[in-house]
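One-letter residues, chain by chain:
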Amino acid sequence: MQRAVSVVARLGFRLQAFSPDLCRPLSFAQTKICGSDRVKLMESLVVGDIAELRPNQGTLSLFTNEAGGILDDLIVTNTSEGHLYVVSNAGCWEKDLALMQDKVRELQNQGRDVGLEVLDNALLALQGPTAAQVLQAGVTDDLRKLPFMTSAVMEVFGVSGCRVTRCGYTGEDGVEISVPAAGAVHLATALLQDPEVKLAGLAARDSLRLEAGLCLYGNDIDEHTTPVEGSLSWTLGKRRRAAMDFPGAKVIVPQLKGKVQRRRVGLMCEGAPMRAHSPILNMEGTMIGTVTSGCPSPSLKKNVAMGYVPCEYSRPGTKLMVEVRRKQQMAVVSKMPFVPTNYYTLK
């Protein structure tokens, strides 16, 4: 029991205001980038326009390599406290940390003012239609003034120094709470006192993010996938595209106007659920791609998936086939998200 609690306190676990499931650690790492050259450092590693972020505004961005491949996806927030708050995948933590530390040393050797601090915080995610209502009972800040992809530091159910960000990887409204590790179990316990809140596991989160058309690093995107191939061109800042000053820009920017060989698409089918690695075939039976994520959609009562196909097969409505358990079945290319997202924006 003590071992389970220590893991929860270190990494946090996901809480959802719907879809009860099992408790699981959240796989995210948190970093603080300090100094007057913090934006220069981050923009030397990611594709997004970090300089344009307003105080306490965040954005999803991508670490890329010189070949245009995606090293990881991450959220960067420009805090009002004078640092960048970075949340990345714990599964990529060693390479992400080395990437950032190497760049810090490089800039410091040039006389630049920049530093990096690894945060010993847990990350609790409260997701679902009633998430804000549940959290409002434990904070004095008015959460109606906290729109999607913005954050604020506040006391939450008696735990001070928490950064609450209006975001999550479910397509629903919700928050992620960065909490000092010592207060994580107290905060999680306080949230669970509300009957609306249930613990949710990986399967619940995975089905929700897939319904929302959101990528899972290592499945749907990786070092051999460019942002354009992954249908993530929207992460490329306009200024950054024009300047072509991010890793892999010479590969990625021409793809915006040219033609890539493959694209990530959504797929829907009936019958057996599509799973990762299932072959995608054209109507003549020739293999043209592979499913990267797939599961039954609890909301739609249909099977949904994502995968990569040549551009000529990427138009919504295109009929294809997938091979599941050595049997071929019909599938159709579908727009994503499969289920409309419910992110909270100020009216």
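Above this text is the structure in question.
What counts, and at which threshold
- Residues numbered from 1 in each chain as written.
- Predicted model: local features only at pLDDT ≥ 70, side-chain atom pairs only at ≥ 80, totals over all residues.
- Heavy atoms only, no water.
- Phe/Tyr/Trp six-rings, centres within 6.5 Å; stacked < 30°, edge-to-face > 60°.
- Helix = DSSP H or I, 4+ residues; strand = E, 2+ residues; numbered from the N terminus.
- Buried < 20%, exposed > 50% of the residue type's maximum accessible area, 1.4 Å probe, protein only.
- Lys NZ or Arg CZ within 6 Å of the ring centre and 35° of its normal.
- Pairing = 2+ DSSP bridges.
- Axes fitted to C-alpha atoms, helices over the stretch in contact; angles between N-to-C directions.
- Contact = heavy atoms within 4.5 Å.
- Polar contact = N/O pair within 3.5 Å; in protein donor to acceptor, adjacent residues only side chain to side chain.
- Core = buried A, V, L, I, M, F, W, Y, C linked by side-chain atoms within 4.5 Å.
- Arc of directions from axis to C-beta.
- Salt bridge = Lys/Arg side-chain N within 4 Å of Asp/Glu carboxyl O.

## Let's talk about the packing of aromatic side chains
Phase 1: This model, assessed by the stated rule, comprises 1 aromatic pair.
Phase 2: Ring plane angle 15 degrees and centroid distance 4.1 Å describe the contact between F148 and Y343, whose orientation is recorded as stacked. Of this pair, F148 sits in the loop between helix 4 (131–136) and strand 8 (151–156) while Y343 sits in the segment after strand 17 (327–334), and the two are 195 residues apart along the sequence.
Phase 3: The partly exposed category is assigned to Y343, whose relative accessible area is 25%.
Phase 4: When the ring centre of Y308 is taken as reference, the NZ or CZ atom of R262 above it lies at 4.4 Å.

## What to know about the sheet that holds strand 4 (residues 70–78)
Within a sheet, neighbouring strands are paired by backbone hydrogen bonds and run either parallel or antiparallel to one another.
Phase 1: Ordered in space as 3-4-5-2-6, the 5 strands form an open sheet in which the pairing is antiparallel. A single partner strand is all that each edge strand has here, and the edge strands are strand 3 (57–64) and strand 6 (115–118). Between one strand and the next, the sheet's axes are offset by a mean angle of 30 degrees, whatever the strand orientation.
Phase 2: Summarising the sheet, strand 3 and strand 4 pair through 8 bridges and their orientation is antiparallel. When the sheet's bridge partners are listed, L62 is paired in strand 4 with D73.

## As for the environment of R241
Phase 1: If you trace the backbone, R241 turns up in helix 7 (residues 238–243).
Phase 2: Counting along the chain gives 66 residues from R241 to V175, while the straight-line C-alpha distance between them is 31 Å.
Phase 3: When residues no more than four places from it in sequence are discounted, the contact partners of R241 are S233, W234, L236, F246, V253 and L256.
Phase 4: A polar side-chain atom of R241 sits 3.0 Å from the main-chain carbonyl oxygen of L236.

## Focus on the nonpolar core
Phase 1: Counting residues in hydrophobic clusters, the biggest one holds 23 residues, and the most contacted among them are L126, L135, V156, V164, I177, V179 and L187.
Phase 2: The set of elements that each furnish at least two residues to this core consists of strand 7 (121–127), helix 4, strand 8, strand 9 (159–165), strand 10 (174–180) and helix 5 (184–192).
Phase 3: Setting aside chain neighbours within four positions, we find I177 in contact with A122, L123, L124, L135, C162, R163, V164, L187 and L191.

## Remarks on helix 8 (residues 249–257)
Phase 1: Along helix 8, the residues classified as buried are A249, I252, V253 and Q255. For helix 8, the angular spread of the buried residues around the axis is 155 degrees, confining them to a single face. Among the exposed residues of helix 8, those oriented more than 90 degrees off its buried face are K250 and K257.
Phase 2: The inward-facing, buried residues of helix 8 contact strand 3 and helix 7.

## What to know about the pairing of strand 8
Phase 1: Here 5 bridges tie strand 8 to strand 9, and the two strands are oriented antiparallel to one another. Of the residues in strand 9, the one forming a bridge with M154 is C162.
Phase 2: Hairpin connection, strand 8 to strand 9: the antiparallel pair is bridged by 2 residues, and F157 has positive phi, about 50 degrees.

## A closer look at the pattern of salt bridges
Phase 1: Summed over the entire model, instances satisfying the criterion amount to 14 salt bridges.
Phase 2: Residues E43 and R239 are paired through a salt bridge, measuring 2.6 Å at the closest nitrogen-oxygen approach. Taken together, the positions of E43 in helix 2 (residues 38–43) and R239 in helix 7 put the pair 196 residues apart, joining distant regions of the chain.
Phase 3: The exposure class of E43 is buried, given its relative accessible area of 10%.
Phase 4: Taking the relative accessible area as the measure of exposure, R239 reaches 36% and is therefore partly exposed.
Phase 5: D142 is paired through a salt bridge with R144; the nearest N and O atoms lie 3.0 Å apart.
Phase 6: Residue class for D142 comes out partly exposed when judged on its relative accessible area of 26%.
Phase 7: Given the relative accessible area of 60%, R144 is considered exposed.
Phase 8: Through salt bridges that share partners, E43, D49 and R239 make up one connected network.

The analysis is restricted to geometry; functional conclusions fall outside its scope.
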